[in-house]
Amino acid sequence: MDAQLKRGLLDICVLAAIKDEDSYGYKIIKDLKPYAELSESTLYTILKRLEAASMLTVRTAEHDGRLRKYYHITDVGHRRLEEFREEWKEVMKIYRFVAKEENDNE
Amino acid sequence: MSKQEFLEQLRKSLSGFPKGEVEERLSFYEEMIDDRIEEGLSEEEAIAAVGPVNTIVLQAVEETPLKTLVKERVMPKRRLAVWEIILLVLGSPIWLSLIIAGAAVLFSLYAVLWSLVITFWAVFVSFVAGAFGGIAAGIFLCARGDVTQGLLFVSAGLVLCGLSIYTFYLCKAATKGLVGCSAKLAIGVKNLFRRKGEA
């Protein structure tokens, strides 16, 4: 997949993974696993980028005697997800057109 | 390798990054390892899943702007003494010009490489121009009745045409190669400003 496109999609995936309830690093990776392979380093960068864009906030909480960081989606993040759903409707329209062309050729 | 060893190795490899970022990355990876262990993986397996130190560092270098790395490398960790500032100012005619000269030499080396590529393209353009010119002149001469000379021009044009096709691929390869080298160079320069293996 095109690297630029993939980067944008992974940002959305991470936002979607925390949209219903706050989550932490390893859980995000596990939740996304069936849909997108995400390495620790990549996740770190994405979380930093989303935090800088005020799409999420970070809080540290104690868990089992150690500290764990929880990520919470902001209104800006929710809006981004909403935007993505709208954008993707258009992309899907184009996709249906392209897929139809291929079926006709077969 | 134990978790502590892994984190220590990572800390060493990340020296040269801003201190806050190093701590943040370390705690991030520590949490990742702990969460995996909690889920039942052995310490060894959890570390392997987080990935080798080299891969982590390489990705970090690629993502960090050069400015941040240079700042971290060049800025002294303590405040300068008065005499050091005076020496720096007094010595500026020497060290400043040396740095500028060094940078200029490096820049001109890079420029030479690009001018080589530009030369290749110039040769290509002149071949194409020669090919068109030769064929056009040949047809013109033939039309005027100078068939022998006309054919000579046309054939010269065709030869240039063939040569231009070859040079086009050469030019393309040279440009691609240099663009690839530039990207590697950028990473190399960033690595230069990282203090490797310094605890």
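Structure: see above.
Read on for a plain summary of the structure. (Residues numbered from 1 in each chain as written. Chains lettered and ligands numbered in written order. Predicted model: local features only at pLDDT ≥ 70, side-chain atom pairs only at ≥ 80, totals over all residues.)

All names here are of chain A. Grouped together as the largest cluster of nonpolar side chains are 24 residues, with contacts concentrated most on Val14, Leu15, Ile18, Leu47 and Leu50. Among the elements that take part in this core, helix H3 (residues 40-52) stands out by supplying five residues, more than any other. Setting aside residues no more than four positions away along its own chain, leucine 47 makes contact with Val14 and Tyr71. (Core = buried A, V, L, I, M, F, W, Y, C linked by C-beta atoms within 7 Å. Buried ≥ 20, exposed ≤ 12 C-beta atoms within 10 Å, placed from the backbone. Helix = DSSP H or I, 4+ residues; strand = E, 2+ residues; numbered from the N terminus. Contact = placed C-beta atoms within 7 Å.)

As summarised here, the arrangement of the three strands in space is S1-S3-S2 (chain A), forming an open sheet in which the pairing is antiparallel. Single-partner strands in this sheet number two, and they are strand S1 (23-24) and strand S2 (56-63) of chain A. (Pairing = 2+ DSSP bridges.)

Okay, the interface of chain A and chain B next. On the chain B side, the residues contacting the 11 residues of chain A number 14 residues. Of all elements in the fold, only helix H2 (25-32), H3 and strand S3 (66-73) of chain A reach the threshold of two or more residues within the side of chain A that touches chain B. Element by element, the count of residues in the side of chain A that touches chain B is highest for H3 of chain A, at four residues. In terms of residue class, the side of chain A that touches chain B is made up of two nonpolar, four polar and five charged. (Nonpolar A, V, L, I, M, F, W, Y, C, P; charged D, E, K, R; others polar.)

Turning our attention to the pairing of S3 of chain A. Residue and element names in this part refer to chain A. In this structure, S1 lies alongside S3, joined through two bridges in antiparallel fashion. If you follow tyrosine 24 over to S3, its bridge partner there is tyrosine 70. As judged from the eight bridges shared by S2 and S3, these two strands associate in the antiparallel manner. By the bridge assignment, threonine 60 is partnered in S3 with lysine 69. Connecting S2 to the antiparallel partner S3 that follows it, the hairpin turn spans two residues, and aspartate 64 within it adopts a positive phi of roughly 55°.

Bringing helix H4 (residues 75-105) of chain A into the picture now. Taking 1.5 Å of rise per residue, 31 residues should cover 45 Å, and H4 of chain A covers 45 Å from first to last C-alpha, within 8% of that figure. Buried residues are scarce in H4 of chain A, accounting for one of its 31 residues. (Expected span 1.5 Å × (residues − 1).)

Moving on to the environment of cysteine 13 of chain A. Residues and elements named next belong to chain A. Among the secondary structure elements, cysteine 13 is positioned in helix H1 (residues 3-17). Residues cysteine 13 and leucine 32, 19 residues apart in the sequence, show an inter-C-alpha distance of 7.3 Å. Ignoring any residue separated from it by four or fewer positions in sequence, one finds cysteine 13 in contact with Leu32, Tyr35 and Ala36.

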